[in-house]
Amino acid sequence: LVTGMRDRGLRTDRAMLIVIDGGKALRAAIREVFGARAFVQRCQVHKMRNVTEHLPDDAAQAAKKVMQTAYRSGDGDAAKKLLKNLARQLRTNHPSAAASVEEGLEETLTVMSFELPRKLERTLSSTNVIENLNSRIRDMSKRVKRQVR
């Protein structure tokens, strides 16, 4: 996918923000094609979902609240501290959830370092914008009828 985009003309010689859901193969391809010029933002919504899948309901709600507070803080250092503290709290009873919090943690905070307007930061911190667009395209294309002549 990534090399194909490059081969079709996507410039890889300048810095670029790339927002992904966290797939490891996709991340590796981005690193290979863009190197240090890629600023990768991992989707915060997917990260919260991945973490909470490892937890019972009561702990999931508490973890989600901490993560939302961190991601909405607008302060990368404060967010990082909150998330590392959450991982530390989860480590004993829920090690897989703790590992999920820690995995790619820095990349869930990338856009916070850009000092963007809050609304733009929030938009770029998730893959929801593109997923919503893709969903709408799928819904609309189902309604298209072609007459065969």
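Reference entry: report on the structure contained in this document. On a predicted model such as this, the values are computed, not experimentally measured, just so you know.

Brief notes about the nonpolar core
Consideration 1: Ranked by size, the top nonpolar core spans 20 residues in total, and within it L55, M67, L83, L90, V101 and L109 carry the most contacts.
Consideration 2: Put simply, the parts of the chain that give this core at least two residues each are helix 3 (44-52), helix 4 (57-72), helix 5 (76-90) and helix 6 (95-102).
Consideration 3: Among the elements that take part in this core, helix 4 stands out by supplying 6 residues, more than any other.
Consideration 4: Those residues in contact with L83 that sit more than four places away from it in its chain are M67, A70, Y71, V101, L105, T108 and L109.
Consideration 5: V2, I18, F34 and V40 belong to the second largest nonpolar core, which has 8 residues in total.

Describing the pattern of salt bridges
Consideration 1: Here the structure, examined in full by the defined rule, presents 9 salt bridges.
Consideration 2: Across the pair R11 and D13 runs a salt bridge whose closest N-O atoms are separated by 2.9 Å.
Consideration 3: In this structure R11 comes out as partly exposed when scored by relative accessible area, which is 43%.
Consideration 4: When its relative accessible area of 49% is taken as the criterion, D13 is described as partly exposed.
Consideration 5: Across the pair E103 and K47 runs a salt bridge, and its minimum N-O distance is 3.4 Å. Of this pair, E103 sits in the loop between helix 6 and helix 7 (118-124) while K47 sits in helix 3, and the two are 56 residues apart along the sequence.
Consideration 6: Judged by its relative accessible area of 3%, K47 falls in the buried class.
Consideration 7: Among the charged side chains, a salt-bridge network with shared partners connects R27, R42, K47, E103 and E107.

What counts as what
Residues numbered from 1 in each chain as written. Predicted model: local features only at pLDDT ≥ 70, side-chain atom pairs only at ≥ 80, totals over all residues. Heavy atoms only, no water. Core = buried A, V, L, I, M, F, W, Y, C linked by side-chain atoms within 4.5 Å. Buried < 20%, exposed > 50% of the residue type's maximum accessible area, 1.4 Å probe, protein only. Helix = DSSP H or I, 4+ residues; strand = E, 2+ residues; numbered from the N terminus. Contact = heavy atoms within 4.5 Å. Salt bridge = Lys/Arg side-chain N within 4 Å of Asp/Glu carboxyl O.

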